[in-house]
Amino acid sequence: MDLRERLRRLVPGVATLLVATALFFGVNSAVATPNGDKVAKNYNFQEMPIALPPGYNNQKMNTIRPVNRAYQKLRGWISSVGASIAMNDVTGHGRPDGMCIVDTRTNDVVVTYTPTAPAADRFTPFVLKEAPLPMDAGMAPTGCTPGDFNGDGRMDFLITYWGRTPVLFMAKAGATTPALSSYVPREVVPTASPDGRYHGPRWNTDAAYVGDLDASGHPSIIIGNYFPDSDVLDPKAFANVSMNNSLSSAKNAGGDHVLRWYGASSGDQPTANYVEEKEAIDFQASSGWTLAISGADMTGDGKPEIYIANDFGHDHLLYNTSTPGHISFKEAVGSRGATTPKSFVLGKDSFKGMGVDFGDINHNGSFDMTVSNIDAAWGLEESNFVWVNKAKSTADMQKKLANGDAPFSQEAQQLGVAWTGWCWDVKMGDFLNDGNMAIVQADGFVKGKIDRWAWLQEMAMTNDDLLSNPAMWPNIGPGDDVAGNDKLAFYAKASNGKYANISKQLGLAVPIPTRGIATADTTGTGALDMAIARQWGPPVFYANKAPKLGDYINLSLYRPATGTGADPNMGLAATGSPVYGATATITNSQGTQVAELDGGGGHGGFRSFDVRFGLGDYMGQSNVKIQWHDTTGALHEQTLKLMPGSHTIQLTNQAQEVPSR
């Protein structure tokens, strides 16, 4: 062997040492919050009480779940997810000041209004009930995604569960106010029930994404399941359950299901019909333990690319190759350089993907991605991801993705957001309207009094062949604690371009595990508020009271509603139906930004449909390029000249501003 070959073989080892050294010093420097106090002075949030149904707080509040007998010793672990929250326009009045909350303490799905809602948008909060659809003790809700699934202009609710397939609660055309009687529950995956009991698949869902996947102008759904189809929450069922078969490349999960929209009806008995596209995602990319899914159009063709965040193994970036009436994806992966750790290659990581969001993090008109992982100091010290878009243009991105190449650079450490704790949902948002995205990250696992990190670390060294057996896992039960005091993180950009976690300075650092994050301009004033779902704790709402907000452009993008009762002046109807997948790019003297109408994605938290841009001190006109598909599948693009403020845009074969509600 010659000297050159020997040196070549030494490169990976030397590179690994250099990276490990850099990570060591990076972690230690990340404990401090550079410029945190100075940055925090620009922000202010006021915690406000959330209205719950009458007598709600008088019932028993649970702190752990009944589980399958095979999971009894680790029922604290099994009980660690399920809290969810969303904000959107529930009344149809044009303001996203309605809320949908999954409360694990009661296993209820609560529909209410934000504390900032005016009197006209307030109603008696209520709990959604699935009857007459079959439910049993082995089921529990895990997510609530608002959306208009039949195009009639009214907000429906997609509810996901452990123990069954999803249910759509669809608004009746004749309903005049949000109430239990205003919605009809419909099975998303129809299953016969001759005896009134549930006989469908036992899905265990932890993620849902809603978007126009096939450019048909209608919302399709991706469901991300965690445990394999089994009786996870039924203590009387057979021990037909398992755990992941690897800590770094597990593929024995419930996996991902793509549900294509193919028809709907409106009126007082509304419906929405879906068919599963079983070959839409390759098996190797659809069998992971999914905790989060999100998407955005990165190629300019009007169809969203999809990021699937998986626990215990590889995440996946999926290039959208769908056509109207047919959904298909092709995986793209990153490239590895001499100094690139394997898990910093997109699609090849071995981390614990817990949350994902798309946004223009560096204000250059292209979508980037933030991903939550488990990155607890002295625990499972991995890293969050910030995948920075390195494509030269959308055309360049399309060319690379079509060739299976994902042109992204992992830059979480450089930006100061690599290490937070045991992370979950993540949402980017411009809370100052200055054009810079803040990053909000849910955090914390199981709260108790006895620290079980040592047991968990011992399990991390277990042979993969033993992991799928629940009996081989450590005891995590009532009173046990793993990262239970981790706190919600709020990362804000400092003047040096790095992010500082200012959660403590803002009074957000409450030591209660959090799961879902929802954001919305609930007052219509340009101030982005947020709401947080807590695991085994009450949800919380934070009103944005920043001392100085910049100017902004806020877009409400609709297409004309269809079907019976489509009159926007009737009942719960809005101006129209949200245009799923629409993107907007603004250009002015301050630069370029891109944003999308997010139909719902991530882990447990769902932002409103508003498309927002912060302008800072800029008060002039902006060129706003809007791209959308109509209901025939035709792609449209039009540039409007808009001044700061809120704009309601009707999208047909052209974009036209209409009066706001």
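Residues numbered from 1 in each chain as written. Predicted model: local features only at pLDDT ≥ 70, side-chain atom pairs only at ≥ 80, totals over all residues. Heavy atoms only, no water.

Taking an unreviewed UniProt entry as the reference, the chain is identified by name as VCBS repeat-containing protein belonging to Actinacidiphila acididurans.

Student: An account of the pattern of salt bridges is requested, with residue identities and associated values reported.
Tutor: Taken as a whole, this structure holds 16 salt bridges when the rule is applied. Across the pair Lys 400 and Asp 396 runs a salt bridge whose closest N-O atoms are separated by 2.8 Å. Of the two residues, Lys 400 and Asp 396 are both situated in helix α5 (residues 394-402); the distance of four residues between them amounts to about one turn of the helix. When salt bridges with common partners are traced through the structure, they connect Arg 95, Asp 97 and Asp 121 into a single cluster. (Salt bridge = Lys/Arg side-chain N within 4 Å of Asp/Glu carboxyl O. Helix = DSSP H or I, 4+ residues; strand = E, 2+ residues; numbered from the N terminus.)

Student: Give me the lowdown on unusual backbone geometry, citing residues and values where you can.
Tutor: Pro 132 follows Ala 131 through a cis peptide bond whose omega is 15°. With respect to the helices and strands, the residue Pro 132 is situated in the loop between β5 (126-127) and β6 (140-147). In this model, Asn 107 sits at a positive phi of 60°, which is unusual for a non-glycine residue. Mapped onto the elements, Asn 107 comes out in the loop between β3 (98-103) and β4 (108-113).

Student: Pulling in residues and values, what's your account of the pairing of strand β2 (residues 84-88)?
Tutor: By the criterion of burial, β2 is predominantly enclosed, with five of the five residues buried. Here β2 shows a buried face lined by Ser 84, Ala 86 and Asn 88 and a second buried face lined by Ile 85 and Met 87. Bridging between β2 and β3 involves five bridges; their strand directions are antiparallel. Directly across from Ser 84, in β3, lies its bridge partner Val 102. Note that β2 and strand β35 (residues 605-606) share two bridges and pair parallel. In the sheet register, Ala 86 faces β35, and the bridge partner there is Phe 606. (Buried < 20%, exposed > 50% of the residue type's maximum accessible area, 1.4 Å probe, protein only. Pairing = 2+ DSSP bridges.)

Student: Run through α5, naming residues and quoting values.
Tutor: Among the residues making up α5, those that are buried are Asp 396, Met 397 and Leu 401. On an axial view of α5, the arc spanned by its buried residues comes to 125°, and they lie on one face. Those residues of α5 that are exposed and angled more than 90 degrees off the buried face are Ala 395 and Lys 399. (Arc of directions from axis to C-beta.)

Student: Give me the environment of Tyr 183: which residues, what numbers.
Tutor: You can see Tyr 183 is positioned in strand β9 (residues 183-187). Through-space distance from the C-alpha of Tyr 183 to that of Arg 452 is 44 Å; in sequence the pair is 269 residues apart. The residues contacting Tyr 183, other than those within four sequence positions of it, are Val 90, Phe 126, Leu 128, Met 155, Phe 157, Phe 169, Met 170, Ala 171, Lys 172, Pro 178 and Leu 572. (Contact = heavy atoms within 4.5 Å.)

Student: How would you summarise the sheet that holds strand β8 (residues 167-171) if you had to cite specific residues and measurements?
Tutor: Strand order in the open sheet made by the four strands is β6-β7-β8-β9, with antiparallel pairing throughout. The sheet is open, and its two borders are formed by β6 and β9, each paired with just one other strand. Taking the axes of each pair of neighbouring strands and ignoring which way they run, one obtains an average angle of 25° across the sheet. Across five bridges, β8 lies against β9 in antiparallel orientation. Bridge pairing in β9 places Leu 168 opposite Arg 186. (Axes fitted to C-alpha atoms, helices over the stretch in contact; angles between N-to-C directions.)

Student: Outline the sheet that holds strand β28 (residues 514-520), listing residues and values.
Tutor: The four strands are arranged β1-β30-β29-β28 in an open sheet whose pairing can be described as antiparallel. On the outer flanks of this sheet lie β1 (45-48) and β28, each paired with one strand and no other. For this sheet the average axis-to-axis angle between neighbouring strands, irrespective of direction, equals 25°. Sheet topology note: the β1/strand β30 (residues 540-544) ladder contains four bridges and is antiparallel. Within the sheet, the bridge partner assigned to Met 48 lies in β30 and is Phe 541.

Student: Please set out the UniProt feature "domain: ASPIC/UnbV" (unreviewed entry) in the chain residue by residue, giving values where relevant.
Tutor: Annotation from UniProt places "domain: ASPIC/UnbV" (unreviewed entry) at residues 580-631. Across residues 580-631 one finds 0% helix and 54% strand; the C-alpha atoms that close the span lie 11 Å apart. (UniProt positions renumbered as here; feature names shortened; annotations may be inferred.)

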